[in-house]
Amino acid sequence: MSQPTTLRPHRTAGEPPVVREPAHVPLAHVVRAGLVEGIHHGSVVVLAADGSVQFQAGDIEAAFYPRSALKPLQAVGLLRAGLPSLDDPELALVAASHSGEEQHLAAARRILTGGQLTQDALRNVPDLPYDPAVREEWIRRGLGPTRLAQNCSGKHAAMLLTARTRGWDLDDYLDPGHPLQRELAATVEDLTGQGIAHVTVDGCGAPLFSVSLHGLTRAAARLATAAPGTDEGRLAHAMREHPHMVSGSRRDVARLVRAVPGLLAKDGFEGVQIAALPDGRAVGVKIADGGDRARMPVTAAALALCGVDPEALAPFATAPVLGGGAQVGTLHAAGALARQAV
């Protein structure tokens, strides 16, 4: 099994977060017919517009893996490293965990074509499309896993295009010691304001950098408040304008971005979510058990603390608990987060 490695922090970054068992707290209750049937623990941070911590629960300073919630930071790193000009939908795909819809595959192909590359150059793990309906149709057509259909193919295509543009080797572009990955690590440290605690391998095969939930949320705020002409501002604009490219047509994150004006949002496997408003208010969520069902209700409660319209958040604030095909309860935010959000 691959072991995490430690990087020396970039000279302008702060100290890496502490590596410890996170002290998570109850964030969500699964209530069936009036009884608490299940509890999801985790950590959450809410930042005010000035960057100060407005609310926190759990352990926001421990090192953790942001999973795909790190992709917007990596996308900025690719722009800084020389990623050639892309249109907004393509740039949004660079930060995406896409659903494998044709619009996603077509954009990934265009990125590769820009570097005279094909999907054979990709080194991500072959997979079926993430969206259940698209996956079922894919299987009905007799298609198997491909690197292009895997949800991180946009990021990988952009990594290859950037490496080709810079004249770097393509075969080992996923090696943490590759010049490209060192550039991305430096950007992660810059945007989070802290050193990287560990580097390991993400599910797609790319290097995964460990920071803190606080640092990740601080980076989200930096992207959301960036000036239009900057790399951060270009990416933020693309993600806001094309949320379906960052996730998928039927994904909850895309619906949330459409419901909250100006919102920048990205989810990640293992129950991670970041969301930030144009004035710098931002939230970061980590569900301890990795359960995806608690991610959005907790995020909605955190956004309520940012002053987001409760009516806009209502579709995301609870999830139904079913019994016999009918709703008999709800999954909703709990603990200090719920008390603050009231």
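Residues numbered from 1 in each chain as written. Predicted model: local features only at pLDDT ≥ 70, side-chain atom pairs only at ≥ 80, totals over all residues. Heavy atoms only, no water.

A. Structural context of the side chain of glutamate 90. On the secondary structure map, glutamate 90 appears in helix α2 (residues 88–94). What makes glutamate 90 buried here is its relative accessible area of 9%. With sequence-adjacent residues up to four places away left out, glutamate 90 is seen in contact with Ala107, Arg110 and Ile111. (Helix = DSSP H or I, 4+ residues; strand = E, 2+ residues; numbered from the N terminus. Buried < 20%, exposed > 50% of the residue type's maximum accessible area, 1.4 Å probe, protein only. Contact = heavy atoms within 4.5 Å.)

B. Local environment of the pattern of salt bridges. This structure, assessed with the given rule, holds 18 salt bridges. Note that aspartate 190 and arginine 80 form a salt bridge whose closest N and O atoms lie 2.8 Å from each other. With aspartate 190 in helix α6 (residues 179–192) and arginine 80 in helix α1 (residues 71–81), this pair connects stretches of sequence that are 110 residues apart. By relative accessible area, aspartate 190 is classed as partly exposed at 28%. Salt-bridge contacts for aspartate 252 lead to arginine 295; the nearest nitrogen and oxygen are separated by 2.8 Å. With a gap of 43 residues between them, aspartate 252 in helix α10 (residues 252–259) and arginine 295 in helix α11 (residues 295–305) connect regions that are remote in the sequence. (Salt bridge = Lys/Arg side-chain N within 4 Å of Asp/Glu carboxyl O.)

C. Expanded view of the nonpolar core. Judged by nonpolar contacts, the single largest core of 71 residues is most densely connected at Leu83, Leu216 and Leu235. Leucine 235 has contacts with Pro72, Ala75, Val76, Leu79, Leu91, Ala95 and Leu223, leaving out every residue within four places of it along the chain. Within the second largest apolar cluster, 34 residues are counted, among which are Val253, Ala294, Ala302 and Leu331. (Core = buried A, V, L, I, M, F, W, Y, C linked by side-chain atoms within 4.5 Å.)

D. Structural view of the side chain of lysine 286. You can see lysine 286 is positioned in strand β10 (residues 282–287). One buried charged side chain, lysine 286, makes no salt bridge at all; its nearest oppositely charged neighbour is glutamate 270, positioned 4.6 Å away. A polar contact is formed between the side chain of lysine 286 and the backbone oxygen of glutamate 270, at a distance of 2.6 Å. The contact partners of lysine 286, leaving out residues within four places of it in the chain, are His24, Leu27, His41, Gly42, Ser43, Phe64, Leu213, Glu270, Gly271 and Val272. (Lys, Arg positive; Asp, Glu negative; His and termini not counted. Polar contact = N/O pair within 3.5 Å; in protein donor to acceptor, adjacent residues only side chain to side chain.)

E. The environment of histidine 40, seen in detail. Tracing the backbone through its elements, the reader meets histidine 40 in strand β2 (residues 35–47). When the C-alpha atoms of histidine 40 and alanine 28 are compared, they prove to be 5.1 Å apart, with 12 residues separating the residues in sequence. Apart from residues no more than four positions distant in its own chain, histidine 40 is found in contact with Val25, Pro26, Leu27, Ala28, Val30, Ile287, Asp289, Arg293, Ala294 and Leu331. Here aspartate 289 takes part through its side chain, which lies 2.9 Å from a polar atom of the side chain of histidine 40.

F. Local environment of the environment of histidine 98. Looking at the element boundaries, histidine 98 is found in the loop between α2 and α3 (102–114). When the C-alpha atoms of histidine 98 and alanine 206 are compared, they prove to be 16 Å apart, with 108 residues separating the residues in sequence. Reaching out from histidine 98, the side chain makes a polar contact with the backbone nitrogen of glycine 100 at a distance of 3.0 Å.

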